[in-house]
Protein chains: 2
Amino acid sequence: MRIGILGYGNLGKGVECAIRNNPDMELAGVFTRRNPESIKIQTKGVNVYSADDMIKMKDNIDIMIICCGSATDLPTMTPETAKHFNVIDSYDKHKNIPQHFKNVDKAAKQGDNIAFISVGWDPGMFSLNRLFENAILTNGKDYTFWGKGVSQGHSDAVRRVDGVLDAKQYTIPIDSALNSVRSGENPELTAYTSHTRECFVVAEEGANLEKIEKEIKTMPAYFEDYDTKVKFITKAELDRDHANIPHGGFVIRSGKTGWNNGNNQIIEYRLKLDSNPEFNASIILAYARAAHRMRKRGLTGCKTVFDVAPVDLIDMSSEELRANML
Amino acid sequence: MRIGILGYGNLGKGVECAIRNNPDMELAGVFTRRNPESIKIQTKGVNVYSADDMIKMKDNIDIMIICCGSATDLPTMTPETAKHFNVIDSYDKHKNIPQHFKNVDKAAKQGDNIAFISVGWDPGMFSLNRLFENAILTNGKDYTFWGKGVSQGHSDAVRRVDGVLDAKQYTIPIDSALNSVRSGENPELTAYTSHTRECFVVAEEGANLEKIEKEIKTMPAYFEDYDTKVKFITKAELDRDHANIPHGGFVIRSGKTGWNNGNNQIIEYRLKLDSNPEFNASIILAYARAAHRMRKRGLTGCKTVFDVAPVDLIDMSSEELRANML
């Protein structure tokens, strides 16, 4: 399977790394909207091309992984690319998924290609686990906790505060809320009552720290309803202690079974990730494998993680799977 | 969807209860090898039939759930029944699954039916999560912990000891082993070093308790390699405190990503169940729904949880799923 990468940011780099752990795949090329000569990739013998020249490589690429931003890039880029390639994206604007699906489905069918959208862990594996949990425990309650991890959106919001040079924001599940769910108490929770937020802030010299802290803590939508901690550190400390992009979270369903629903049953799916983009990249490659197989069986149009039989994700035969994993 | 239950033990009763939580299903009949008149079920207006008369009901049942034992019943009963019905079983002898698959596949194809084997949580959801985890983290290590829960096989083994009237055995994961895995230390573990066993024993009056305890703790295969605790209690205490069938466990994969595999990523799937058979029954009904849909699309032969696209498990349309769960 020959993989193309469109966009060489954190996710694109993650896909490049993940290909090394999938012997049935190879990197066929990296495509960028920047000057290709400005980009140095790690894989020896593979070229960087201008995104404008992509279509010339049509016959050399089985699956194109689109590693660009959900806010402005993917809504147009995924349908455009799906006209010419089998594609995978990680579109994460939950509310707009139905519209994105429609656009991508039309383009992919037009090009006789298969296109997966919203592949990663959220949306993606979290969604899939929510589906499994709801299919099994039809009478129950869903819980999602995020973290401990870096939220890019919240970090950006802190950086926009006057007097802030740099910042990183961690979302942290509240232990007591998590334990209450796990013990089957079925509490009523909101995002506010199940998470705290912690900000590590590098301030400009002479900045009014009290004012910055107040501005962060009262920021509507982002922080005002949360228990938020603000810690001022030096740029050197930020670079030393907060360079990574860890993340994770929990998708839990607590449900009732029995004639009078007297028994509680809890399903929990948990991720604890050192690197958020590298994990998303690893998921994407499993679905690239499925896309390749499904396209070979004649399937086209837009698909999601809900549409894939698990057997298609892994580099093992059905016989091997039944003998070793069932 | 009209469901038949073959065998009215703990699992069959669980299926009967679970149907109440699935409005798109109804119980069409319970079939037994015992005298049908000796069995009283909970669902009003539904009859109990002799298993011998099953075939007469062929046109009234969409999916037959076979709720009998893996050791002696299912190897012959599932292929026999699959000649006449779409079936689901929960065959759990991992080693013999390939042979069972072959037998059931042949019979189901002969009858133009679809047949799912080994549906439940282990095998079943544990297997499925192992597959997902391995497909995503191709470079990693698998861990499985069982419990805290009642092991039927080990409880039976204790009951066979001379001087024992009744007993219940709990399998318990060792916290330090679990925490080591969760922290990304990737320890080398065996079943022995990751679980303890706790036995609650009702002894005959005047029995030699010391001898019983020693016999349990040194029992080959079952206990000798484990840290085993034996507690003697009264029959009244056993009935009061140990009447339920709780179980659960953890399927964890700890894997490496990154150019030099420098980042650790952990996926954990956890179950905490008040009732083992009722949870298995809930899983089985989700796969009964999938079986029904897949058969309508013309699929026949033997299938496992690996072969089902998640969308087929749940009573929601693809559009609803994308809008609400992705």
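Attention in this report is confined to the structure presented alongside it. (Residues numbered from 1 in each chain as written. Chains lettered and ligands numbered in written order. Predicted model: local features only at pLDDT ≥ 70, side-chain atom pairs only at ≥ 80, totals over all residues. Heavy atoms only, no water.)

What about the nonpolar core?
For step 1, the next point in the chain: Ranked by size, the top nonpolar core spans 162 residues in total, and within it Y287(A) and Y287(B) carry the most contacts.
For step 2, the next point in the chain: If near-sequence neighbours (up to four positions away) are discounted, Y287(B) is found in contact with F132(A), I88(B), F116(B), V119(B), M125(B), L128(B), V305(B), V308(B) and L313(B). (Core = buried A, V, L, I, M, F, W, Y, C linked by side-chain atoms within 4.5 Å. Buried < 20%, exposed > 50% of the residue type's maximum accessible area, 1.4 Å probe, protein only. Contact = heavy atoms within 4.5 Å.)

A short note on the relation of the copies chain A and chain B
For step 1, the next point in the chain: When chain A is fitted onto chain B, the two copies agree to an RMSD of 0.1 Å after a turn of 180 degrees and an axial shift of 0.0 Å. What the superposition gives is, in effect, a two-fold axis relating one chain to the other. Relative to the rotation axis, the closest C-alpha in chain A is found at A309(A), a distance of 2.0 Å.
For step 2, the next point in the chain: The fraction of interface residues of chain A whose copies in chain B are also interface residues reaches 100%, indicating that both copies meet through the same surface. (Least-squares fit on C-alpha atoms with pLDDT ≥ 70 in both.)

A short note on the pattern of salt bridges
For step 1, the next point in the chain: If you walk through the whole model with that rule in mind, you get 38 salt bridges over all chains.
For step 2, the next point in the chain: With a shortest N-O distance of 2.5 Å, D312(B) and R297(B) are connected by a salt bridge. Taken together, the residues span a long stretch of sequence, with D312(B) in the loop between β14 (301-303) and α11 (318-324) and R297(B) in the loop between α10 (276-296) and β14 at a distance of 15 residues.
For step 3, the next point in the chain: Residue classification places R297(B) among the exposed residues on the basis of a relative accessible area of 54%.
For step 4, the next point in the chain: Taken together, the salt bridges that share partners define one network made up of D156(A), R159(A), D166(A), K235(A) and D239(A). (Salt bridge = Lys/Arg side-chain N within 4 Å of Asp/Glu carboxyl O. Helix = DSSP H or I, 4+ residues; strand = E, 2+ residues; numbered from the N terminus.)

Considerations on the side chain of N86(A)
Residue and element names in this part refer to chain A.
For step 1, the next point in the chain: Checked against the element boundaries, N86 lands in the loop between α2 (74-82) and β5 (87-88).
For step 2, the next point in the chain: Only 3.1 Å separates the side chain of N86 from the backbone oxygen of D62, close enough to count as a polar contact.
For step 3, the next point in the chain: The contacts of N86, once residues within four sequence positions are left out, are D62, I63, M64, N113, I114 and R295. (Polar contact = N/O pair within 3.5 Å; in protein donor to acceptor, adjacent residues only side chain to side chain.)

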